[in-house]
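# Coordinates in review
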Amino acid sequence: VQLQASGGGLVQAGGSLRLSCVASRRTFRSFAMGWFRQAPGKERALVAAVSASGSDTYYADSVKGRFTISRDSAKNTINLQMNALKPEDTAIYYCAARDFRAPSYGLEASQYTYWGQGTQLTVSS
């Protein structure tokens, strides 16, 4: 599975942006997916995740109420809608997919098998 992330950029604090991640395989619907981010000097951390079915989602406390993860199986895409952005959201964002045998999302980066190339989000104050 190849993942292609896009949508990053420069935005002012309080603004919104949507990240997208397109998967190369139609069996994408069998994969639990997640968005991670990594800021300079920090470890990669899970921001949001969604189960293969789309019925279960997870959000880090720091983004709850501001970010929304969704999947569009018809387009082999997951999206991360980010609202009320803060400077501390600045990071490289990565989409990731678990193995098809793991329909539930994981909380750790080590649980994800496939990774996109990352897209930079910069939030100015």
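Below you will find a few notes about this structure. (Residues numbered from 1 in each chain as written. Predicted model: local features only at pLDDT ≥ 70, side-chain atom pairs only at ≥ 80, totals over all residues. Heavy atoms only, no water.)

### Description of the sheet that holds strand E7 (residues 67-72)
Threshold: A pair of strands is labelled paired if DSSP reports no fewer than 2 bridges between them. Under the DSSP-based scheme used, a helix requires at least four consecutive residues in state H or I and a strand at least two consecutive residues in state E, with every element numbered from the N terminus. Helix axes use the C-alpha atoms of the stretch in contact, all axes being lines fitted to C-alpha atoms, and the angles between their N-to-C directions lie in the range 0 to 180 degrees.
Strands sit in the order E1-E3-E8-E7 across an open sheet of 4 strands; the sheet is antiparallel. Pairing within the sheet leaves two strands with one partner each, and these edge strands are strand E1 (3-6) and E7. The average undirected angle you get between the axes of adjacent strands in this sheet is 15°. In this structure, E1 lies alongside strand E3 (residues 17-23), joined through 4 bridges in antiparallel fashion. For Ala5, the partnering residue across the bridge sits in E3 and is Cys21.

### Topic: the nonpolar core
Condition: Put simply, a nonpolar core is a bunch of buried Ala, Val, Leu, Ile, Met, Phe, Trp, Tyr and Cys residues held in one set by side-chain atoms that sit within 4.5 Å of each other. A 1.4 Å probe rolled over the protein chains alone gives each residue an accessible area, and that area as a share of the maximum for its type sets the label: buried under 20%, exposed over 50%, partly exposed in between. Contacts are assigned to residue pairs with any non-hydrogen atoms lying within 4.5 Å of each other.
Counting residues in hydrophobic clusters, the biggest one holds 28 residues, and the most contacted among them are Met33, Trp35, Phe67, Leu80, Met82 and Tyr93. Those elements that provide at least two residues to this core are E1, E3, strand E4 (33-38), strand E5 (45-50), E7, strand E8 (77-82), strand E9 (91-97) and strand E11 (119-124). For Met82, the contacting residues outside a window of four places in its chain are Gly15, Ser16, Leu17, Leu19, Arg66, Phe67, Tyr93 and Leu121. Within the second largest apolar cluster, 5 residues are counted, among which are Phe36, Ala49, Ala96 and Tyr112.

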